[in-house]
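Notes for the structure review
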Amino acid sequence: MRQTLFGSLNTRPSLRNTLRLAGFALGFAFIGTGVQAQTLAGMPSVSKPVAMVGTAKPIVGWVRLCEQNPSECAVDVSEPTTITLSTKDWQTLNRINRQVNAEIKSRTDKDHLGVEDRWGYAEDGYGDCEDYQLVKRKRLAEAGFPRRALRMTVVIDEEGAGHAVMMVRTDRGDLILDNKRDAILPWHRTGYIYIKREGDNGSAWASLGGAFISPTATAGQ
């Protein structure tokens, strides 16, 4: 999904975000060592959640998934938008994140299915970024986590490409499950530029304020 998603954004990062991308290599060097070792060492520190700045259009691949699996996209407003993170929940998040990352083999939709972008559940063991996250969300929901607190999220990664992660909204801040690493990080420690995520109340997604050069560009064509 990474390159096709970035293409669907129809835009390029601003100078400010370009400078941020230049610092990713150093940041990821630290993430890959100390943070990995700390994954199960203790609960994450409390941090502020990602700020929402309006609404955004869903990714096309998401819309197609919803047409085929309406229950996947349904929003139950009786569920909480955040969870109170217990030690047991933290352990479950780490376990499922590691398991799914190990079980699925990374392959682009183009190489795997011959299409540019299709969101699914990696039934045959192959998938790209959004497929990892959908499988994680399915398993976490089965483990008792409220779906409304498990939000599919679109970012720009360290290579300047579109990438999908899952945001788990908790009382300790927004935590990111990612197929690029087993460590679960607070959103602000990933180094990513946050574009948008699933909304809390309906089909519209929430804009997370990723800034771009083109004033006419949209983040969800």
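So, here's what we can say about the structure. (Residues numbered from 1 in each chain as written. Predicted model: local features only at pLDDT ≥ 70, side-chain atom pairs only at ≥ 80, totals over all residues. Heavy atoms only, no water.)

Some words on the nonpolar core
With 33 residues, the main nonpolar core has Trp62, Leu93, Trp119 and Leu140 as its most contacted residues. Those elements that provide at least two residues to this core are helix H4 (60-68), helix H6 (87-103), helix H8 (129-142), strand E4 (150-156), strand E5 (162-170), strand E6 (173-177) and strand E8 (193-198). Among residues more than four places away in sequence, those in contact with Leu93 are Leu85, Leu140, Phe145, Val168, Leu177 and Ile184. Listed in part, the 8 residues of the second largest apolar core include Val50, Val165, Met167 and Leu208. (Core = buried A, V, L, I, M, F, W, Y, C linked by side-chain atoms within 4.5 Å. Buried < 20%, exposed > 50% of the residue type's maximum accessible area, 1.4 Å probe, protein only. Helix = DSSP H or I, 4+ residues; strand = E, 2+ residues; numbered from the N terminus. Contact = heavy atoms within 4.5 Å.)

A few points about the environment of Leu150
Assignment of secondary structure puts Leu150 in strand E4. On the accessibility criterion, Leu150 (0% relative accessible area) is buried. On a C-alpha basis, the gap between Leu150 and Leu177 in space is 9.9 Å, while along the polypeptide they are 27 residues apart. Not counting chain neighbours up to four residues away, the residues in contact with Leu150 comprise Arg137, Leu140, Ala141, Phe145, Met166, Met167, Val168 and Glu198.

A few points about the sheet that holds E4
Read across the sheet, 7 strands follow the order E1-E9-E8-E4-E5-E6-E7 without closing on themselves; strand pairing throughout is antiparallel. Looking at the sheet topology across the chains shown, the edges are occupied by strand E1 (55-56) and strand E7 (185-186). In the sheet, E4 pairs with E5 via 7 bridges, with the strands oriented antiparallel. Within E5, the position partnered with Val154 by the bridge is Ala164. In this fold H8 packs onto E4, E5, E6 and E8, with an angle of close to 20° to the strand it touches most, E5. (Pairing = 2+ DSSP bridges. Axes fitted to C-alpha atoms, helices over the stretch in contact; angles between N-to-C directions.)

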